[in-house]
Amino acid sequence: MDKIIDIEDRIPTLRERRKKRTNRKFTLLLVIFLFTLLGLLYFQSPYSHVQSIVVKGANLATSDEYIERTGIQEGQSMWEIRTSNAEEILLKNEWLQDVTVKRTGLTSVTIEVTEWKKAAYIQSEKGFDLVLENGTVYHSTQKMAPVDAPVLNSFENPKALNRMVKELAKLKGEVLSMISQIESVPSKADPYRIRLFMNDGFEIRAVIPSFAEKMNYYPSIIAQIGDSEKGVIDIEVGSFFQTYVDMYNPQPKEEEEVEETSE
């Protein structure tokens, strides 16, 4: 009886293809096994856990406060972190303009915060709170001295406060740095009247809606007045200057002498 021979054994090319196909299958299985093994080793190693958390842009709150609010902790699995959830939690704070939470490297997390800029200070029972550019009043746990922004006084009307802050954001930096205090002095006719006390000794009377537009010309206004006499600059409607002497200590009019005539 004749021996049956596989056709692939008779044809060398077919036998070679079968060998290569077997090798590819074995290689694929080996790669899958190695990746699975490496994955298990990685998740069991410290390289899959958070080892450092970096906060960038923190000025109002401390880095530790921001980290605590996100709930991210060192030693936590890198893959348990939900960056979008952490961003959403932080953005609930009204003093934050933008937040980005991301994994950096194998074991680090970076939290980047963009805080609203400081526009002014406002007096409180415990000292001074910050008024930010979006109108938020930030109650700091630290005692602050109002040295780099004006102090707002008597702003009982929230609308007036918000409009005032928006106007301050439009001021040139050099003009903003010249303002010491801003006081709300509303009247029945105009709830947005204000009075400013400048670092150079002048007093300004203005209204909030046109405040920034007119105050940005302040350096040129005082250049025309000169430094010899201080006084009040009224920019509510036009631009009017009166010295403190003329405004607060007006000279009495000379009394006319009346001669009595006797008949």
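Residues numbered from 1 in each chain as written. Predicted model: local features only at pLDDT ≥ 70, side-chain atom pairs only at ≥ 80, totals over all residues. Heavy atoms only, no water.

Chemist: Looking at this model, I keep getting lost on the overall build of the protein. Mind explaining?
Modeler: When helices and strands are counted, the protein shows nine helices and twelve strands. Looking at the protein as a whole, 32% of its 263 residues qualify as buried. If you take every contact in the protein between residues at least 6 apart in sequence, the share linking residues at least 24 apart comes to 47%. Taken as a whole, the protein presents about 18200 Å² of accessible surface, with 52% of it coming from carbon and sulfur. (Helix = DSSP H or I, 4+ residues; strand = E, 2+ residues; numbered from the N terminus. Buried < 20%, exposed > 50% of the residue type's maximum accessible area, 1.4 Å probe, protein only. Contact = heavy atoms within 4.5 Å. Areas by Shrake-Rupley, 256 points an atom, 1.4 Å probe, with all protein chains shown as cover.)

Chemist: Sorry if this is basic, but what is going on with the nonpolar core here?
Modeler: In globular proteins that are soluble, nonpolar side chains generally tend to be buried together. Leu 152, Phe 211 and Met 215 are the most contacted members of the largest nonpolar core, which totals 32 residues. Residue assignment for this core shows that the elements contributing at least two residues are strand E4 (118-124), helix H5 (158-169), helix H6 (173-176), strand E8 (179-184), strand E9 (193-198), strand E10 (203-207), helix H7 (211-215) and helix H8 (218-225). Those residues in contact with Met 215, other than ones at most four positions away along the chain, are Leu 171, Val 175, Ile 179, Leu 196, Met 198, Ile 204 and Ile 235. (Core = buried A, V, L, I, M, F, W, Y, C linked by side-chain atoms within 4.5 Å.)

Chemist: When you look at the sheet that holds strand E6 (residues 137-138) in this model, what are you seeing that I'm missing?
Modeler: Through backbone hydrogen bonds, the strands of a sheet pair up, either in parallel or in antiparallel fashion. Sheet architecture is open: nine strands sit in the order E6-E5-E4-E7-E8-E9-E10-E11-E12, paired in mixed fashion. In this open sheet, the two edge strands, each paired with only one partner strand, are E6 and strand E12 (240-243). (Pairing = 2+ DSSP bridges.)

Chemist: Can you walk me through the pairing of strand E5 (residues 127-132) in this structure?
Modeler: In summary, the side chains of a regular strand alternate between the two faces of the sheet. Here E4 pairs with E5 via six bridges, running antiparallel. Within E5, the residue paired with Ala 120 across the bridge is Val 131. In textbook terms, the turn of a hairpin is the stretch between consecutive antiparallel strands, and for E4 and E5 this stretch comprises two residues. Note: E5 against E6, two bridges, orientation antiparallel. In the strand pairing of E6, Leu 130 is matched with Tyr 138. Here E5 folds back onto E6, and the loop between the two strands holds four residues, one of which, Gly 135, carries a positive phi near 90°.

Chemist: It is not clear to me how unusual backbone geometry should be interpreted in this structure. Could you clarify?
Modeler: For residues besides glycine, phi is generally negative; the peptide bonds are generally trans as well. In this structure, Ser 154 is a non-glycine residue whose phi angle is positive, near 65°. Of note, Ser 154 is situated in the loop between strand E7 (151-153) and H5. Classification of Ser 154 as partly exposed rests on a relative accessible area of 42%.

Chemist: When you look at the packing of aromatic side chains in this model, what are you seeing that I'm missing?
Modeler: Any aromatic ring pair is given by two values, namely how distant the centres are and how the planes are angled relative to each other. Taken as a whole and assessed by the stated rule, the structure comprises two aromatic pairs. Ring centres 5.0 Å apart and planes at 70° place the aromatic pair Trp 95 and Tyr 138 in the edge-to-face group. One end of the pair, Trp 95, is in the loop between helix H4 (83-90) and strand E2 (96-104); the other, Tyr 138, is in strand E6, with 43 residues separating them in the sequence. The burial state of Trp 95 is the same as that of Tyr 138; both residues are buried. Over the aromatic face of Tyr 192 sits the side chain of Arg 163, whose NZ or CZ is 4.8 Å from the ring centroid. (Phe/Tyr/Trp six-rings, centres within 6.5 Å; stacked < 30°, edge-to-face > 60°. Lys NZ or Arg CZ within 6 Å of the ring centre and 35° of its normal.)

Chemist: Sorry if this is basic, but what is going on with the pairing of E9 here?
Modeler: Only one face of E9 is covered, namely the one carrying Ile 194, Leu 196 and Met 198; the face carrying Arg 193, Arg 195 and Phe 197 has none of its residues buried. With five bridges connecting them, E8 and E9 associate as antiparallel partners. From the neighbouring strand, Gln 181 faces E9, where its bridge partner is Phe 197. Bridge count for E9 against E10 is five bridges, and the pairing is antiparallel. Within E10, the position partnered with Arg 195 by the bridge is Arg 205.

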